[in-house]
Amino acid sequence: MDYTKRLYDLRTDNDLKQEDIAKILKVSAQAYGMYENKKRGLPIESLITLCKFYNVSADYILGLTDDINLK
């Protein structure tokens, strides 16, 4: 699975808007939208922040596992 799909799914499953996640990452909503639309790569610092926010592993966001639970 593509990580951009996981970003979208995590956000929408939590009833959040792109603007909400952009605030958490301290980027513009436009910049976050570019991450979800695969127009810009997701910086590692943002990946770490999202893992902590959603309480999931980087492997889950990156599509390396389908296990959403942290071990």
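Everything below is about the structure shown above.
Keep in mind it's a predicted model, so treat the numbers as computed, not measured.

Structural notes on the overall build of the protein chain
Alright, step 1. Per the secondary structure count, the protein chain includes five helices and zero strands.
Alright, step 2. In the protein chain, the order of α-helices and β-strands from amino to carboxyl end is α-α-α-α-α.
Alright, step 3. Rg of the C-alpha trace for the protein chain: 11 Å, near the compact-globule value of 11 Å for 71 residues, within the 12% margin.
Alright, step 4. Each of the 71 residues in the protein chain was classed as buried or not, and the buried ones make up 35%.
Alright, step 5. Distance between charge centroids for the protein chain: 5 Å, based on 11 positive and 11 negative side chains.

Here we look at the pattern of salt bridges
Alright, step 1. Counted according to the given criterion, the structure contains four salt bridges.
Alright, step 2. As a salt-bridge pair, Lys5 and Asp9 come within 2.8 Å of each other at their nearest N and O atoms. With a gap of four residues between them, Lys5 and Asp9 both fall in helix α1 (residues 3-13), about one helical turn apart.
Alright, step 3. A salt bridge links Glu36 to Arg11; the shortest N-O distance between them is 2.6 Å. Of this pair, Glu36 sits in helix α3 (residues 29-36) while Arg11 sits in helix α1; the two residues are 25 residues apart in sequence, bridging distant segments of the chain. By the burial criterion, Glu36 is buried, and Arg11 matches it.

Overview of the nonpolar core
Alright, step 1. Ranked by internal contacts, the top residues of the largest apolar core, which has 16 residues, are Leu7, Tyr32, Leu42, Leu50 and Ile61.
Alright, step 2. Where this core is concerned, the elements lending two or more residues are α1, α2 (18-25), α3, α4 (44-54) and α5 (58-61).
Alright, step 3. Top element by residues in this core is α4. It accounts for four residues.
Alright, step 4. Ignoring anything within four residues of it in the chain, the contact list for Ile61 reads Tyr3, Arg6, Leu7, Leu10, Leu47, Leu50, Cys51 and Val56.

What counts and how
- Residues numbered from 1 in each chain as written.
- Predicted model: local features only at pLDDT ≥ 70, side-chain atom pairs only at ≥ 80, totals over all residues.
- Heavy atoms only, no water.
- Helix = DSSP H or I, 4+ residues; strand = E, 2+ residues; numbered from the N terminus.
- Rg over C-alpha atoms; globule rule 2.2 N^0.38 Å.
- Buried < 20%, exposed > 50% of the residue type's maximum accessible area, 1.4 Å probe, protein only.
- Lys, Arg positive; Asp, Glu negative; His and termini not counted.
- Charge placed at Lys NZ, Arg CZ, Asp CG, Glu CD.
- Salt bridge = Lys/Arg side-chain N within 4 Å of Asp/Glu carboxyl O.
- Core = buried A, V, L, I, M, F, W, Y, C linked by side-chain atoms within 4.5 Å.
- Contact = heavy atoms within 4.5 Å.

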